[in-house]
Amino acid sequence: PCRAKMNVMFLKTHKTASSTVLNIMFRFAERYNLTVALPADERVHLGYPETFVAHFVEEFQAIGQNYNIMCNHLRFNRLEVQKVMAANTFYFSILRNPISLLESSYVYYKEDVPAFKISKDVNEYLASPTKYYHPADYKQNIYARNIMWFDFGYDNNAEDNTKYIQVVLKEIEQNFHLILIADYFDESMILLKHALCWDLDDVIYFKLNSRSQDTVQTLTPESKEQIKAWCSLDWKLYLHFNQSFWRKIEETIGLKELEKEVNRLRTRQKELMETCLSDKEPVGKDHIHDKGLLPFQSGAANILGYNLRQDLDNWTLRTCQKMVIPELQYTSYLYAVQHPHKKRKPFSLPLMWTRFQEK
């Protein structure tokens, strides 16, 4: 028997199912009354895309190294994160295949990223990325090339040099206890459950911040190959940790046991969806009844959300709301709970949130 880890730092990477992981972390923090390192003032990120420094965390000066959970977006900086998190903190992150990642980023950040804005579609962009992508605009263009490399704190325009890549991969292995793979999300949740010694219900989730299929752009075979070259740092990062992910599963759980646990996770998830949701699945932005449950919409993506059943008792409603509440609203709510004397973050909460707050 192991003891559940209560001090956990999750490096939230972009477009990697990380909003779903953040929801898991927030629910765990609430369940055990843990302190979350939340963004200061009206911010929703921990200083991103600036490299993280400790004072980006609300009340860091007063609370010091006594936070349990850290999981909002930041650009990783080990020494500064260590000022906030305890010495025995468990560090993990998540990666996604750069091919599907770049297409997702393109649609989501189309209006914000200069390199994406001036190209017609993702295939046109990839046919000659240097025509659209100017390293001088790197702060605006980070989503257009090697975004995961950037999130881990490294230069996303660095040269693809074998020695340099080996050094970075080794450093990431030293800084993080576990790297999950978004393409195998359920398997990742089981591995995380084992690593943290959490219960199955601690890692149960409803998929958050996903988009409707009709906004997915089809990549040509040439574009897919081009991504491997254009985002070669991310590609090598992904290949390396995809291997170590499966190795870790073999060493700790075994594939047979993994399959059993994944099935249990999916069965439990289905039960909860039937209990909580009126539509049994996510719906498009125009069909979300409670605007407090509407996820942030970006670019050409139609970000899906959920409608809850109307006949839920208070306790079930509270459980269900926590599973479907989008990231910005959940951050805002936790901020109000942890820092009641501070000005609230500017996000509306779900309609029945007063019932949600009843003990």
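Residues numbered from 1 in each chain as written. Predicted model: local features only at pLDDT ≥ 70, side-chain atom pairs only at ≥ 80, totals over all residues. Heavy atoms only, no water.

Undergrad: How would you explain the overall build of the chain if you had to name every residue and give the values?
TA: A tally of helices and strands in the chain yields 17 helices and 4 strands. Rg of the C-alpha trace for the chain: 20 Å, near the compact-globule value of 21 Å for 359 residues, within the 12% margin. Counting only C-alpha atoms and orienting by the principal axes, one finds that the chain spans roughly 55 × 50 × 45 Å. Within the chain, buried positions represent 57% of all 359 residues. Counting only contacts in the chain whose residues sit at least 6 apart along the sequence, the fraction spanning at least 24 positions is 72%. (Helix = DSSP H or I, 4+ residues; strand = E, 2+ residues; numbered from the N terminus. Rg over C-alpha atoms; globule rule 2.2 N^0.38 Å. Buried < 20%, exposed > 50% of the residue type's maximum accessible area, 1.4 Å probe, protein only. Contact = heavy atoms within 4.5 Å.)

Undergrad: Tell me about the pairing of strand β4 (residues 178-181), residues and numbers included.
TA: Alternating positions in β4 separate into two faces, Leu178 and Leu180 on one and Ile179 and Ile181 on the other, with burial throughout. Judged from the 4 bridges that link them, strand β3 (residues 90-95) and β4 form a sheet pairing that is parallel. Bridge pairing in β4 places phenylalanine 92 opposite leucine 178. (Pairing = 2+ DSSP bridges.)

Undergrad: Lay out the sheet that holds β3 in plain terms, naming residues and giving numbers.
TA: Taken in spatial order, the 4 strands of this open sheet run β2-β1-β3-β4, and their pairing is parallel. Of all the strands in the sheet, the pair left with one neighbour each is β2 (69-70) and β4. Two elements, strand β1 (residues 8-11) and β2, share 2 bridges in a ladder whose sense is parallel. Paired with valine 8 across the two strands is isoleucine 69, which belongs to β2.

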